[in-house]
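# Notes for the structure review
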Amino acid sequence: MPAVELSRLKIQIDGLIWRFTRPQEFALELHNIFSYYADRVYRPGDLVLTKHIHQAYHVPPLVTRQIELELRSRCEENPVAALALADILWQESMLEPKLLAASLLGMLPSTQLDDVRSRIQLWSVGIKDSKVLKPMLEKSTTAIRRDHPEILLAVLKDWSASQDLPRHRLTAYLIQILLAETAFENIPPVFEMLTGILQSHSQPLQEVLLEVFRQLRKRSPAETAYFIRQTIRLGVSDAAVSVLRKAIAEFDDPVRGSLLAEMRTEPAAENAPQETQ
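Residues numbered from 1 in each chain as written. Predicted model: local features only at pLDDT ≥ 70, side-chain atom pairs only at ≥ 80, totals over all residues. Heavy atoms only, no water.

## Here's the deal with the packing of aromatic side chains
- With the rule as written, the count across this model stands at five aromatic pairs.
- Summarising the aromatic geometry, the rings of Trp 90 and Trp 123 are spaced 4.5 Å apart at their centres and angled 5° between planes, so their arrangement reads as stacked. Highlighted residues: Trp 90 in helix H4 (residues 79-90) and Trp 123 in helix H6 (residues 113-124), separated in sequence by 33 residues. Of the two residues, Trp 90 and Trp 123, both sit in the buried class. (Phe/Tyr/Trp six-rings, centres within 6.5 Å; stacked < 30°, edge-to-face > 60°. Helix = DSSP H or I, 4+ residues; strand = E, 2+ residues; numbered from the N terminus. Buried < 20%, exposed > 50% of the residue type's maximum accessible area, 1.4 Å probe, protein only.)

## Focus: the pattern of salt bridges
- As enumerated under the stated definition, the model contains 16 salt bridges in all.
- Between Glu 250 and Arg 214 there is a salt bridge, and its shortest N-O distance comes to 2.8 Å. On the criterion of sequence distance, the pair formed by Glu 250 in the loop between helix H14 (238-248) and helix H15 (255-265) and Arg 214 in helix H12 (residues 206-219) is long-range, its members being 36 residues apart.
- For Arg 214, a relative accessible area of 28% gives the class partly exposed. (Salt bridge = Lys/Arg side-chain N within 4 Å of Asp/Glu carboxyl O.)

## Digging into helix H2 (residues 23-37)
- Taking 1.5 Å of rise per residue, 15 residues should cover 21 Å, and H2 covers 21 Å from first to last C-alpha, within 8% of that figure.
- Those residues of H2 that fall on the buried side of the exposure criterion are Pro 23, Phe 26, Ala 27, Leu 30, Ile 33, Phe 34, Ser 35 and Tyr 37.
- On its buried face, H2 is in contact with helix H1 (6-17), helix H3 (61-77), H4 and helix H5 (95-107). (Expected span 1.5 Å × (residues − 1). Contact = heavy atoms within 4.5 Å.)

## So, helix H13 (residues 221-234)
- Its 14 residues place the ends of H13 20 Å apart at the C-alpha level, agreeing with the 20 Å of an ideal helix rising 1.5 Å per residue.
- Within the sequence span of H13, burial applies to Thr 224, Ala 225, Phe 227, Ile 228, Arg 229, Thr 231 and Ile 232.
- Among the structural elements, helix H11 (188-201), H12, H14 and H15 are those in contact with the buried residues of H13.
- The positive-phi residue at the C-terminal boundary of H13 is Gly 235, with phi of around 90°.

## Some points on the confidence of the model for the protein chain
- Residue-level pLDDT values for the protein chain average 90, and 90% of them are 70 or greater.
- Looking at the elements of the protein chain, mean pLDDT is at its lowest for H15, recorded as 92, and at its highest for H4, recorded as 98.
- Taken together, the stretch residues 45-52 has pLDDT below 50 and engages in 12 contacts with residues farther than four places along the chain or on a different chain. (pLDDT = per-residue confidence, 0-100.)

## Details of the environment of Ala 27
- Along the chain, the position of Ala 27 falls in helix H2.
- Under the relative-accessibility criterion, Ala 27 is labelled buried at 8%.
- In the structure, Ala 27 is positioned 63 residues away from Trp 90 in sequence and 10.0 Å away in space, judged by C-alpha atoms.
- In contact with Ala 27, other than residues within four places in its own chain, are Ile 88, Leu 89 and Glu 92.

## Let's talk about the nonpolar core
- In this structure, Ile 67, Leu 71, Leu 89, Met 136, Leu 137 and Ile 228 are the most contacted members of the largest nonpolar core, which totals 89 residues.
- Here Met 136 is in contact with Trp 90, Leu 99, Ala 102, Ile 120, Trp 123, Ser 124 and Ile 127, once residues within four sequence places are set aside. (Core = buried A, V, L, I, M, F, W, Y, C linked by side-chain atoms within 4.5 Å.)

## Notes on unusual backbone geometry
- Along the chain, Asp 253 connects to Pro 254 via a cis peptide bond; the corresponding omega equals 10°.
- Counting through the fold element by element, Pro 254 comes out in the loop between H14 and H15.
- Even without glycine at this site, His 58 takes up a positive phi of about 60°.

Structure (structure tokens):
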């Protein structure tokens, strides 16, 4: 992997941006740039490449960051061309072009919110690994989280009200992303959305749900404990009980002891909703 010389990179990116309205040519030139800066002796550390994770060039972050900076104004000026380019880049087999496609969605003006939402749903279907799904969602929702969080919450509320695992999965990960932002303070709707997800898909979404509970406990511990207590009293599936036990274990006493006592006196109700298959 050659060192990144900013003067050379600028020339390369100028040649790339010139092809903004010609998606196929852009994709080819992007491949040439990423291949030039690719780390061909990369040894995976935190990101272990499994059969579920796309192969990657492992280019320096500076390269993709500079490309994104140059694309921002063009996405605002020509969102139709940006969408066409995003669709082509998403079809690429390597990870970086796909994440750049997601970044393009995250740069689009509010007039394209329906297009962003439909592509998030469509693109997420084939993603099995959270290390790919989460950055895709972070990048693709940048503008809507910054400018219209209330619209995103409305979308998530609609998705959480369904019995659909893919929509519940997206909702859980986007809740996790929202809670990580200190500017996000509208916590009450999150608890409402979690209710349906817990009852329907606790088992397949256990990992992300536990992370959501960790974030909620840090952001709003009293309200989180109250939500868990009320959820237990309503009766939950066995899978939801497992998630709640693990979430309760991370509270300090006396809250932890109180919640565990509640769980012992309120076992999972026989008529509690069962996990959706």
